[in-house]
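The chain contents come next:
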Amino acid sequence: KMIKLTVNGRKMTFRGAPFTRLIDALRTDFALTGTKEGCGEGECGACTVLVDGEPVNSCLIPVCQAEGRRIETVESLGAAKKLSTLQAGFLACGGAQCGFCTPGMLMTAHAHVKSGGKCDDRSVRTALSGNLCRCTGYQDIVKSVIKAAKGRKK
């Protein structure tokens with residue numbers, strides 16, 4: 001069966017087993033390797049992508065459930081030469097250390113900022129609560145998101 005979905009604004013077709021995990025389809029079939037797999041159990045948030053604007057652990061959803069939906073991966077945010085406001089905030093505030101959790105953090109934070117989420121410490125921590133980082137005490141990540149949220153267009 002062919003599964004049609006929109007990934008980062010492009011119409012794409014997946015040809016394979018319908019219960020292939022979305023993360024595997026993104027990384028292997030679509031060569032979008034920015035999304036990382038941490039635990040494979042939906043506990044760490046490293047594999048977070050947006051499905052119709054909502055953060056989802058891509059290790060838990062089969063690609064067949066993404067049919068007809070809009071998927072956004074970390075590649076949709078910006079590029080090395082043209083960082084998004086959020087990526088620039090992470091760079092400026094030291095929000096990324098080893099970088100493994102960063103794609104999931106960025107996508108969850110992007111959903112929070114894009115939806116008009118508050119840019120205070122508590123709100124950002126709550127929004128990011130499903131994403132784990134083993135390197136930081138989270139403060140620089142939270143500062144990064146707050147910086148980006150304050151810079152968004154009103």
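Parameters at a glance
- The written sequence of each chain sets the order in which its residues are numbered from 1.
- The predicted nature of this model means local features are confined to residues of pLDDT at least 70 and side-chain atom pairs, given and counted, to a pLDDT of 80 or more, with totals for whole chains, interfaces and linings taken over all residues.
- Hydrogens are left out, water is left out, and the side-chain values use all remaining heavy atoms of the structure.
- Throughout this description, buried means an accessible area under 20% of the type-specific maximum (1.4 Å probe, protein chains only), exposed means over 50%, and partly exposed covers the range between.
- A run of H or I in DSSP becomes a helix once it reaches four residues, and a run of E becomes a strand once it reaches two; helices and strands are each numbered from the N terminus.
- This arc is taken over the directions from the axis of the helix to the C-beta atoms.
- Contacts are assigned to residue pairs with any non-hydrogen atoms lying within 4.5 Å of each other.
- The term salt bridge refers to a side-chain nitrogen of Lys or Arg lying within 4 Å of a carboxyl oxygen of Asp or Glu.
- By nonpolar core we mean a set of buried residues, namely Ala, Val, Leu, Ile, Met, Phe, Trp, Tyr and Cys, connected to one another through side-chain atoms within 4.5 Å.
- Disulfides are defined as pairs of cysteine sulfur atoms found within 2.5 Å of each other.

## What to know about helix α2 (residues 85-93)
Part 1: Every buried residue belonging to α2 is among L86, Q87, G89, F90 and C93, and all of these are buried. Seen along its axis, α2 keeps its buried residues to an arc of 155 degrees; they face one direction. Exposed residues pointing more than 90 degrees away from the buried face of α2 are listed as L91 and A92.
Part 2: In this structure, the buried residues of α2 make contact with α3 (102-114) and α5 (139-151).
Part 3: At the exit of α2 stands G94, carrying a positive phi of roughly 70 degrees.

## Thoughts on the pattern of salt bridges
Part 1: Counted according to the given criterion, the structure contains seven salt bridges.
Part 2: For the salt bridge of D140 with K143, the shortest nitrogen-to-oxygen distance reads 3.2 Å. Within this pair, D140 and its partner K143 are both found in helix α5, separated by three residues, close to a single helical turn.
Part 3: Given a relative accessible area of 40%, K143 falls into the partly exposed group.
Part 4: In the salt-bridge network here, residues are joined through shared partners; they are R21, D24 and E37.

## As for the nonpolar core
Part 1: Ranked by size, the top nonpolar core spans 21 residues in total, and within it L86, F90, M105, L128 and V145 carry the most contacts.
Part 2: The set of elements that each furnish at least two residues to this core consists of α2, α3 and α5.
Part 3: Not counting chain neighbours up to four residues away, the residues in contact with L86 comprise L106, A109, H110, V145 and A148.
Part 4: Judged by nonpolar contacts, the second largest core, of 16 residues, contains M12, L22, A25 and V51.

## Quick notes on the state of the cysteines
Part 1: Scanning all chains against the criterion turns up zero disulfides.
Part 2: Here C47 stays unpaired: no disulfide links it, and the sulfur of C59, its closest cysteine neighbor, is 3.7 Å away.
Part 3: What makes C47 buried here is its relative accessible area of 3%.
Part 4: Not part of a disulfide, C98 finds its nearest cysteine sulfur in C135, a span of 3.7 Å.

## Observations concerning the side chain of S58
Part 1: Along the chain, S58 falls in the loop between β4 (54-57) and β5 (70-72).
Part 2: Classification of S58 as buried rests on a relative accessible area of 0%.
Part 3: Every residue in contact with S58, bar those within four places of it in the chain, is listed here: R21, L22, I23, T35, C47 and V49.

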